[in-house]
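An overview of the molecular structure
Spelled out from the first residue to the last, the chains are:
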Amino acid sequence: MPEIRNELHLGGSQPDIEKLINSVVTPNYPMLDFSKILPVPGELASLPAGMSRVKIDCYLTAVNPGTADHHLEKLSNDEYDRLFRLVKEYYSNNDGFNHCITGSYPYPDVGYFADGKRMIDCLQKYRAPNWSDWCNQNWGQLTNSHIYEIEYNKWRFITTANPSIKVIGKLAELNPAVRIYHRWASLGGKIAGSCLYENGQLIAEQECATFSEDAISMEEALFPESRADYCEQQEP
């Protein structure tokens, strides 16, 4: 996964900014606590994330009206087709392993049926079948983020799957008195963009085209060492 550097600029009165900082930054350790901003839904937090595709496919196999009896009530053809398409589309869009979802798993494990059903229920409700997928989608990674650089009212932190757009949007919503400018980039200019929040609302956003001049400019600002390395390599 690419390393994505995120940068926040905070504007407003110092008491409001300090209130925001105290609400989300872990004392004595520069960590941005995403769980204080956008908590993982309880249903997902209590559900094991491992072997999600297998568990879901075992459940779909058990309720598939076209398979043998697995001592679980079969779904109607229409309901089964709807869930099957939902799961196939999800994995096609997220990790490309949708071919693993067949609805005819060779030896479905009865011990996976309950988790598989819960995962499909969560996929319909939260657009993620487990906590790890949800965190990647909403936090930009599985864990909280280390703030690697702090300047006056400016933080820089790293995410490893996606930029933390949803987290920062929620942070702005919770702190409408603070103006927040959020920008991000990956090394090489593949992923880059920015959002500006005022009064808790998104008022401007930019998604840079891959390898565009804007994306490269954003990358150079957030990865200054890469530009320095490149210049050194060009010296005779």
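Every residue gets a number counted from 1 within its own chain, in the order that chain's sequence is written. Per-residue local features of the predicted model are confined to residues with pLDDT of at least 70, and side-chain atom pairs are confined, for both listing and counting, to 80 or more; whole-chain, interface and lining totals are unaffected and use all residues. The basis for the side-chain values is all heavy atoms of the structure; hydrogens and waters are excluded.

1. With respect to the overall build of the chain
Secondary structure assignment for the chain yields nine helices and seven strands. The C-alpha extent of the chain, read off along each of the three principal axes, is 65 × 50 × 35 Å. The buried label applies to any residue whose accessible area, calculated with a 1.4 Å probe on protein chains only, is under 20% of its type's maximum; exposed applies above 50%, and partly exposed to all values in between. Among the 236 residues that make up the chain, the fraction classed as buried is 40%. In what follows, a contact means two residues having at least one pair of non-hydrogen atoms within 4.5 Å. Considering only contacts in the chain between residues 6 or more positions apart, those separated by 24 or more positions represent 64%. Exposure was quantified through the Shrake-Rupley algorithm and a 1.4 Å probe, taking into account, for residues, occlusion by the shown protein chains and nothing else. Here the chain has roughly 12,600 Å² of accessible surface; of this, 52% comes from carbon and sulfur atoms. Between the averaged position of the 21 positive side-chain charges in the chain and that of its 32 negative side-chain charges there is a distance of 5 Å. Put simply, DSSP H or I for four residues or longer makes a helix, DSSP E for two residues or longer makes a strand, and each gets a number counted from the N terminus. As used throughout, the charge tally considers Lys and Arg to be positive and Asp and Glu to be negative, leaving His and the chain termini uncounted. To locate a charge, the coordinates of NZ of Lys, CZ of Arg, CG of Asp or CD of Glu are taken.

2. Some details on the pairing of strand β1 (residues 4-11)
Counting buried positions along β1 yields six of eight residues, so the element is predominantly enclosed. When DSSP finds two or more bridges between a pair of strands, those strands are recorded as paired. Where β1 and strand β4 (residues 154-159) come together, six bridges link them in antiparallel fashion. When the sheet's bridge partners are listed, I4 is paired in β4 with T159. The pairing of β1 with strand β5 (residues 179-186) spans eight bridges and is antiparallel. Each bridged residue has a counterpart across the sheet, and for N6 the counterpart in β5 is W184.

3. Here's the deal with the confidence of the model for the chain
The predicted coordinates of low-pLDDT regions are not to be read in fine detail. You can read pLDDT as the predictor saying how much it trusts each residue, on a scale of 0 to 100. Per-residue confidence for the chain averages 89 on the pLDDT scale, and 93% of its residues sit at or above 70. Taken as a whole, residues 228-236 scores under 50 in pLDDT and shows zero contacts with residues more than four places along the chain or in a different chain.

4. So, the sheet that holds strand β6 (residues 192-198)
Across a sheet, strands are paired by hydrogen bonds formed along the backbone, either parallel or antiparallel in direction. The strand order across the open sheet built from seven strands is β2-β3-β4-β1-β5-β6-β7, with neighbouring strands paired in antiparallel fashion. Each edge of the open sheet carries a strand with a single partner, namely β2 (31-32) and β7 (201-207). Pairing between strand β3 (residues 145-151) and β4: four bridges, direction antiparallel. Each bridged residue has a counterpart across the sheet, and for I150 the counterpart in β4 is W155. Against the sheet, helix α1 (residues 14-24) touches β1, β2, β4 and β5, its axis set at about 140° to β1. The axes are straight lines fitted to the C-alpha atoms, using for helices just the contacting stretch, and the angles between their N-to-C directions are given from 0 to 180°. Relative to β5, helix α8 (residues 213-222) is tilted by about 100°, and along the sheet it contacts β1, β3, β4, β5, β6 and β7.

5. Describing the packing of helix α3 (residues 52-63) against helix α4 (residues 77-94)
Closest axis-to-axis distance for the α3/α4 pair is 11 Å, and the angle between their directions is 165°. Judged by the angle between their axes, α3 and α4 are roughly antiparallel. Helix-helix and strand crossings are classified by hand; for α3 and α4 the assignment is left-handed. In this structure, α3 uses S52, R53, I56, L60 and V63 to contact α4, whose residues at the interface are Y80, L83, F84, V87 and Y91. Throughout this entry, Asp, Glu, Lys and Arg are counted as charged residues, while Ala, Val, Leu, Ile, Met, Phe, Trp, Tyr, Cys and Pro are counted as nonpolar. The remaining residues, Gly among them, count as polar. For the contact of α3 with α4, a count of residues per class yields eight nonpolar, one polar and one charged. Orientation labels follow simple angle bins: below 35 degrees gives roughly parallel, above 145 gives roughly antiparallel, 65 to 115 gives roughly perpendicular, and whatever is left gives oblique. Crossing handedness follows the turn of the near helix against the far one: under a right angle anticlockwise gives a left-handed crossing, and clockwise gives a right-handed one.

6. A look at the packing of aromatic side chains
The rule is short: rings of Phe, Tyr and Trp, with Trp giving its six-membered ring, pair when the centres are within 6.5 Å, and they are stacked under 30 degrees, edge-to-face over 60, tilted in between. According to the stated counting rule, one finds five aromatic pairs in the structure shown. Between Y80 and F84, the ring centres sit 5.8 Å apart and the planes meet at 25°, which makes this aromatic pair stacked. With a gap of four residues between them, Y80 and F84 both fall in helix α4, about one helical turn apart. What makes Y80 buried here is its relative accessible area of 7%. Ring centres of W134 and W139 lie 6.2 Å apart, and the angle between their planes is 75°; this geometry places the pair in the edge-to-face category. Taken as a pair, W134 and W139 share a single burial class, namely buried. By the ring-pair criterion, three or more aromatic residues cluster together here, those being F34, W134, W139 and F157.

7. What about the pattern of salt bridges?
The term salt bridge refers to a pairing of a side-chain nitrogen on Lys or Arg with a carboxyl oxygen on Asp or Glu at a separation within 4 Å. Overall, the coordinates contain 12 salt bridges when judged by the stated rule. Between D121 and K117 there is a salt bridge, and its shortest N-O distance comes to 3.0 Å. Placement of the pair is D121 and K117 together in helix α5 (residues 113-126), with a separation of four residues, close to one helical turn. Overall, the relative accessible area of 34% leaves D121 in the partly exposed class.

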